[in-house]
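Analysis of the macromolecular model
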Amino acid sequence: MIYDVIIAGAGPAGSILAKYIARDKKVLLIDKRSMSADPKDRMRTEKCCGGLLDPSAQDALTMLHIAVPKSVLEDPQVFAVRAIDFDNHSERYYPKRYVNIDRTAFDRFLLSRATAEENVEFREECLLQNFTQSDGYVEARVLNKKTGHVEKIHARYLVGADGAASIVKTRLSERYLVPVSGDLLSGAPRAYTCLQEYYTISPEQQIPYHAAIFDRQVTDFYSWLIPKSDKLILGTAIPEGENVKLRFAKLKAELIEKGFPLTGLAERNGCRLLRPRPFGSVLSGKGRVFLCGEAAGLISPSSAEGISYAIRSAVVLGKILKDASGSKQARYDKGLGPLKREIAMKSLKSPIMYGRVARGAVFQTRLLSIKTEE
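So, here's what we can say about the structure. Fair warning: this is a prediction, and the values are worked out from it, not measured in the lab.

What follows concerns the overall build of the protein chain. Counting its secondary structure elements, the protein chain contains ten helices and 17 strands. Relative to the 2.2 N^0.38 estimate, which gives 21 Å for 374 residues, the radius of gyration of the protein chain is 21 Å and therefore close to what a compact globule would have. With respect to the three principal axes, the spread of C-alpha positions in the protein chain is 65 × 45 × 40 Å. Here the protein chain, with 374 residues, has 51% of them falling under the buried criterion. Within the structure as shown, the protein chain displays about 17,300 Å² of accessible surface, and the carbon and sulfur contribution to it stands at 54%. A gap of 4 Å separates the mean positions of the 56 positive and 43 negative side-chain charges of the protein chain.

Okay, here's the thing in structure tokens:
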């Protein structure tokens, strides 16, 4: 069988795209995870993600008339961020309207919408290893992790929606893309190691806010605390090449000293995070191969929010794949223009958020902060 489109990655970008084009296209959607495994087995089922839908992600879902079911929501639903600035020895509370979700349940919900379409075939525990392009189609080599069998599958187009560590992007860069070395404003994104630990806590220990932690001795980005039912997530993103374990231990010790209950370690996960520069970090693909969501470099450089970009880029690409006319690659690259400009603006504003002096000055003004009772 020759498919119209093979999509590698069944996260928000892949599932939204599969659903979007399924009426007109025969789609094969694959994912290296076991989407049918026990949700508690996070190493097999879950992306390393805090599991928050920010207003831009909420707007993107609304654009597609998608209502998030109760089964996806995670307690508690809180309405503020406690910003803890270890660099300036200060903190503030700010209003934030995030929706707290179970990320595994969210991915499975979007996948179920896609696989309800007759034209969408889904295969779990399948890893795209390599591909070649010709004038008329793409030949993909797909490893079935259950059987060890490698199959050659043909399609008119291939989409990499497989995250920051995208195999599609890696193989595409090896053959078809010119390597870029960046300066402060352009070129290749900056690579971070993202690490999260889950701590089991009692109801009395749960925090009534999300927390954003700033400490340049840990990272030049930020760290976070997110309440999840009977657990508390501690996460951080540390530049690759640094001593991640040592820096994470410092972060954890600082927060324990502030009274946070980070002793009942239940599990941990991690991933690679690519933080884009203002210009040149977003790649649309080449020829018959497209990149979508975080695989394309579409992620907020200020907050690492990626779900909204995944959804919006999937819609842009979906419209182009459904339309038979014109050069698809050039049109997709142009269609990503608004997302690229948004990333550029957030990159240029990031120094205010992550510079110690500038952030300290903002905290001193108390602008937009919430006054809390002692």
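Another aspect to go through is the environment of Thr236. Following the sequence through the fold, Thr236 ends up in strand 14 (residues 231-239). With a relative accessible area of 0%, Thr236 lands in the buried category. Separated by 41 residues in the primary sequence, Thr236 and Leu195 have C-alpha atoms spaced 5.6 Å apart. In this structure, Thr236 is in contact with Thr193, Cys194, Leu195, Val218, Thr219, Tyr222, Ser223, Trp224, Phe248 and Leu251, ignoring residues within four places of it in sequence. A distance of 2.7 Å separates polar atoms of two side chains, one belonging to Thr236 and the other to Ser223.

Put simply, helix 1 (residues 12-21) and helix 7 (residues 307-322) touch, their axes get as near as 8 Å, and they point 30° apart. By the angle between their directions, the pair helix 1 and helix 7 is classed as roughly parallel. Viewed along their axes, helix 1 and helix 7 form a crossing whose handedness is right-handed. Between helix 1 and helix 7, the residues in contact are Pro12, Ala13, Ile16, Leu17, Tyr20 and Ile21 and Ala310, Ile311, Ala314, Val315, Leu317, Gly318, Lys319, Leu321 and Lys322, respectively. Taken together, the residues that form the contact of helix 1 with helix 7 break down as twelve nonpolar, one polar and two charged.

Quick look at the packing of aromatic side chains now. For the structure on display, the rule yields ten aromatic pairs. For the ring pair Tyr157 and Phe290, a centre distance of 5.9 Å and an interplane angle of 55° mean the geometry is tilted. Note that Tyr157 is positioned in strand 10 (residues 150-160) and Phe290 in strand 17 (residues 289-291), a separation of 133 residues in sequence. A single burial state applies to Tyr157 and to Phe290, both of which are buried. An aromatic cluster is defined as three or more aromatic residues linked by ring pairs; in this entry it consists of Tyr192, Phe214, Phe221, Tyr222, Trp224 and Tyr354. Here the guanidinium or amino end of Arg275 rests over the ring plane of Phe221, the centre of that ring lying 3.9 Å away. Stacked on the ring of Tyr354, the Lys or Arg Arg275 has its end atom at 5.0 Å from the ring centre.

Right, let's get into the packing of helix 1 against helix 4 (residues 103-115). For any two helices packed against each other, the geometry is given by the interaxial angle and the distance between the axes. Between helix 1 and helix 4, whose axes approach to 8 Å, the crossing angle comes to 15°. Comparing the axis directions of helix 1 and helix 4 gives the class roughly parallel. For the element pair helix 1 and helix 4, the recorded crossing hand is left-handed. Of the residues in helix 4, those touching helix 1 at Pro12, Ser15, Ile16, Ala18 and Lys19 are Arg103, Phe106, Asp107, Leu110, Leu111, Arg113 and Ala114. In terms of residue class, the contact of helix 1 with helix 4 is built from seven nonpolar, one polar and four charged.

A word on the pairing of strand 2 (residues 27-31). Strand 2 sits mainly inside the fold: five of its five residues count as buried. Burial along strand 2 is two-sided: Val27, Leu29 and Asp31 facing one way and Leu28 and Ile30 facing the other are all buried. Judged from the four bridges that link them, strand 1 (residues 2-8) and strand 2 form a sheet pairing that is parallel. Within strand 2, the residue paired with Val5 across the bridge is Val27. In this region the chain leaves strand 1, passes through helix 1 and returns to the parallel neighbour strand 2; the handedness of that crossover is right-handed. Two strands pair when backbone bridges link them, and strand 2 and strand 7 (residues 120-124) are joined in this way by five bridges, in the parallel orientation. Bridging across to strand 7, Leu29 finds its partner in Phe122.

Another point: unusual backbone geometry. In this structure, the amide linkage connecting Asp75 to the following residue, Pro76, adopts the cis form with an omega of -5°. In this structure, His89 is a non-glycine residue whose phi angle is positive, near 55°. Phi is positive for Ala304, close to 70°, though the residue is something other than glycine. Along the chain, the position of Ala304 falls in the loop between strand 17 and helix 7.

What follows covers the sheet that holds strand 5 (residues 90-95). One open sheet accounts for seven strands, arranged 5-4-12-13-14-11-15; its pairing is mixed. In the strand order of this sheet, the two ends are held by strand 5 and strand 15 (265-275), each with one partner. Ignoring which end each strand starts from, the neighbouring axes of this sheet average 20° apart. When strand 11 (residues 190-200) meets strand 15, the two strands line up antiparallel, connected through ten bridges. Its bridge partner being in strand 15, Gln196 is matched across the sheet by Asn269.

Calculation notes
- Residues numbered from 1 in each chain as written.
- Predicted model: local features only at pLDDT ≥ 70, side-chain atom pairs only at ≥ 80, totals over all residues.
- Heavy atoms only, no water.
- Helix = DSSP H or I, 4+ residues; strand = E, 2+ residues; numbered from the N terminus.
- Rg over C-alpha atoms; globule rule 2.2 N^0.38 Å.
- Buried < 20%, exposed > 50% of the residue type's maximum accessible area, 1.4 Å probe, protein only.
- Areas by Shrake-Rupley, 256 points an atom, 1.4 Å probe, with all protein chains shown as cover.
- Lys, Arg positive; Asp, Glu negative; His and termini not counted.
- Charge placed at Lys NZ, Arg CZ, Asp CG, Glu CD.
- Contact = heavy atoms within 4.5 Å.
- Polar contact = N/O pair within 3.5 Å; in protein donor to acceptor, adjacent residues only side chain to side chain.
- Axes fitted to C-alpha atoms, helices over the stretch in contact; angles between N-to-C directions.
- Parallel < 35°, antiparallel > 145°, perpendicular 65-115°, else oblique.
- Left-handed = near helix turned anticlockwise from the far one by under 90°.
- Nonpolar A, V, L, I, M, F, W, Y, C, P; charged D, E, K, R; others polar.
- Phe/Tyr/Trp six-rings, centres within 6.5 Å; stacked < 30°, edge-to-face > 60°.
- Lys NZ or Arg CZ within 6 Å of the ring centre and 35° of its normal.
- Pairing = 2+ DSSP bridges.
- Right-handed = clockwise from strand over helix to strand, strands pointing away.

Take it as geometry only, folks, not as evidence of what the structure does.
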